[in-house]
Amino acid sequence: MKDGQSSRTAEAAAALRANHFKNAENPVFSDPFAFELTSKGWQKLLKTPLTVKVMNSTVFNRTLGLLTGQVVGRSRYAEDLLQQAIQQGTQQYVLVGAGLDSFTLRQAQQYPNLTIFEVDHPDTQAAKHLKLKEFGDIPANVEFVSIDFEKESIADALARSSFQQDQKAFFSWLGTTHYLEPQTTLHTLSSIAQIASEGSEVVLDYSIDYRELDGVERFGSLFVSQFTRFLKEPLKGQFRPKDLHHAVNKLGYQVIEDLSGDGLSQRYFHQRPDHIRHTIATHMLHLCLK
């Protein structure tokens, strides 16, 4: 990531959400702002007929289209659980590594009693802040909290904000742990446990060791690894589910659900005519602080 520039992988994820929203029949996750949030380079590609044809072809969806499934699947899963948490009285939503997530544009005004904290690297955040202003005033219930995950704890970052430590919160942490050292991920979860109250929830996605994968999934994982390295944001973090569960239990969390890629495909992509499904290279983890 260059100074003053948003994350390239965040831009790629926004582009995949934009393409899915614009071109998929019955989108798994609808993001009408993703196109405007991504980079001009991606916008140009998404306006090119040949690119659109390739990105929405059966061959693409059965192979590299697994990336689309991963990106839209994790967003749908997290926001489904967020809705449940709001119905149960949660009034704080923390987007950890918010990237170019568009919840602030899509939902903030619908939940005036929900305080939304966007936590991210200052460069990604500055670029996003400018994009959000293009749509008008940023809602009063949105607060930006800058952090460098490799150098600072999320507890220290949130302590500078209006975050209420005695109130339950819902933490969404998507598309980030893959680029962090495993110990950094566990340190962040430990930091959340220190500042969040009992009953707070965390939803995150994490990568499975590619050596445990076969066939197209292994090829896809290797492709993503090389692609992110090309973007100068290499993949670093992988976990074995049992080891991760043991580690988070020691940190004070209860594992509510660890949903595999196949589980996500069954829940959100069952019998889709476009053949999009979720990769088995990543899982979704739903945690609750005991």
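Residues numbered from 1 in each chain as written. Predicted model: local features only at pLDDT ≥ 70, side-chain atom pairs only at ≥ 80, totals over all residues. Heavy atoms only, no water.

- The name given to the protein in an unreviewed UniProt entry is S-adenosyl-L-methionine-dependent methyltransferase, with Acinetobacter suaedae as the source organism.
- Turning to the protein, the UniProt annotation filed under Sequence similarities (unreviewed entry) states: "Belongs to the UPF0677 family."
- Under Function (unreviewed entry), UniProt gives the following word-for-word description of the protein: "Exhibits S-adenosyl-L-methionine-dependent methyltransferase activity." (UniProt positions renumbered as here; feature names shortened; annotations may be inferred.)

As for the nonpolar core
Stage number 1. If you look at the biggest cluster of nonpolar residues, it comprises 33 residues, and the most contacted ones within it are L158, F171 and L189.
Stage number 2. Of all the secondary-structure elements, those providing two or more residues to this core are β1 (92-96), β2 (115-120), α9 (154-159), β4 (170-173), α10 (182-195), β5 (201-207), α12 (241-250) and β7 (282-289).
Stage number 3. Apart from residues lying up to four places away in sequence, L189 is in contact with W173, V202, L204, V248, L251, Y253 and L287.
Stage number 4. Counting residues in each nonpolar core, the second largest holds 27 residues, with F29, A78, I116 and I276 among its members. (Core = buried A, V, L, I, M, F, W, Y, C linked by side-chain atoms within 4.5 Å. Buried < 20%, exposed > 50% of the residue type's maximum accessible area, 1.4 Å probe, protein only. Helix = DSSP H or I, 4+ residues; strand = E, 2+ residues; numbered from the N terminus. Contact = heavy atoms within 4.5 Å.)

Looking at α12
Stage number 1. Of the positions making up α12, those classed as buried are L244, A247 and V248. Burial along α12 is one-sided: seen end-on, the buried residues are contained in an arc of 95°. In α12, the exposed positions that point more than 90 degrees away from the buried face belong to K242, H246 and K250.
Stage number 2. On the buried face of α12, the contacting elements are α10, β5, β6 (253-259) and β7.
Stage number 3. Just past α12, the residue G252 takes up positive phi, approximately 105°. (Arc of directions from axis to C-beta.)

Thoughts on the side chain of Q70
Stage number 1. Relative to the helices and strands, Q70 is located in helix α6 (residues 66-87).
Stage number 2. The residues contacting Q70, other than those within four sequence positions of it, are H178, D205, H278, T279 and T282.

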